[in-house]
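# Chains, contacts and geometry: an overview
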Amino acid sequence: MVILDLINSCSNDKVAQAALACIGGHFAERVRTAAGEKGLSVGKYVVLAVREFASRTDEATQEALRAKVVRDDQPLLRGLREVLEAALERDPFFIDGEAAAATPPYAFSVARENALRYH
């Protein structure tokens, strides 16, 4: 469920930008730089990276990420960092219509459920 929560939450550019701000530091600056080089806002860059991960990874890869982050104090932020690290490493960046369309847009009902579950 953690990976699904990550995908749903960070499919909104404002939420994605806020999540990256929570990670902060040098890592967030690397993402901001990469986004700028692509002519994208930080939020859009993060959204595209998350949607690409959702559309192009198999269940085994997603399960491996889940196992890696599930015991972390902040599993969603740790998962986002892992997804973004992979996107930064495999430049040139993907940016294609398939990846952007393959994941449904952010759903407020999912966000509300997540907020109720975690708070």
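Above this note sits the structure.
Residues numbered from 1 in each chain as written. Predicted model: local features only at pLDDT ≥ 70, side-chain atom pairs only at ≥ 80, totals over all residues. Heavy atoms only, no water.

Moving on, we get to the pattern of salt bridges. Between side chains of opposite charge, pairing is possible as soon as their charged atoms come close. Taken as a whole, this structure holds 8 salt bridges when the rule is applied. Note that Arg30 and Glu85 form a salt bridge whose closest N and O atoms lie 3.1 Å from each other. With Arg30 in helix α3 (residues 25–37) and Glu85 in helix α6 (residues 75–89), this pair connects stretches of sequence that are 55 residues apart. On the basis of relative accessibility, which here comes to 30%, the residue Arg30 falls in the partly exposed class. Of the charged contacts in the structure, one is a salt bridge between Glu63 and Arg66, with a shortest N-O distance of 2.7 Å. (Salt bridge = Lys/Arg side-chain N within 4 Å of Asp/Glu carboxyl O. Helix = DSSP H or I, 4+ residues; strand = E, 2+ residues; numbered from the N terminus. Buried < 20%, exposed > 50% of the residue type's maximum accessible area, 1.4 Å probe, protein only.)

Here helix α4 (residues 42–56) spans 21 Å end to end across 15 residues, near enough to the 21 Å set by a 1.5 Å rise per residue. Burial analysis of α4 places 11 of its 15 residues in the buried class, the great majority of the element. If you check which residues of α4 are buried, you get Val42, Gly43, Tyr45, Val46, Val47, Leu48, Ala49, Val50, Arg51, Glu52 and Phe53. (Expected span 1.5 Å × (residues − 1).)

So, on to the packing of helix α5 (residues 59–69) against α6. One way to put it is that α5 packs onto α6 with a least axis distance of 9 Å and a crossing angle of 130 degrees. With respect to α6, the element α5 is oriented oblique. Both α5 and α6 take part in a crossing whose hand is right-handed. Of α6, the residues touching α5 (which contributes Leu65, Lys68 and Val69) are Pro75, Arg78, Gly79, Glu82 and Val83. Here the residues of the contact of α5 with α6 sort into 4 nonpolar, 1 polar and 3 charged. (Axes fitted to C-alpha atoms, helices over the stretch in contact; angles between N-to-C directions. Parallel < 35°, antiparallel > 145°, perpendicular 65-115°, else oblique. Left-handed = near helix turned anticlockwise from the far one by under 90°. Contact = heavy atoms within 4.5 Å. Nonpolar A, V, L, I, M, F, W, Y, C, P; charged D, E, K, R; others polar.)

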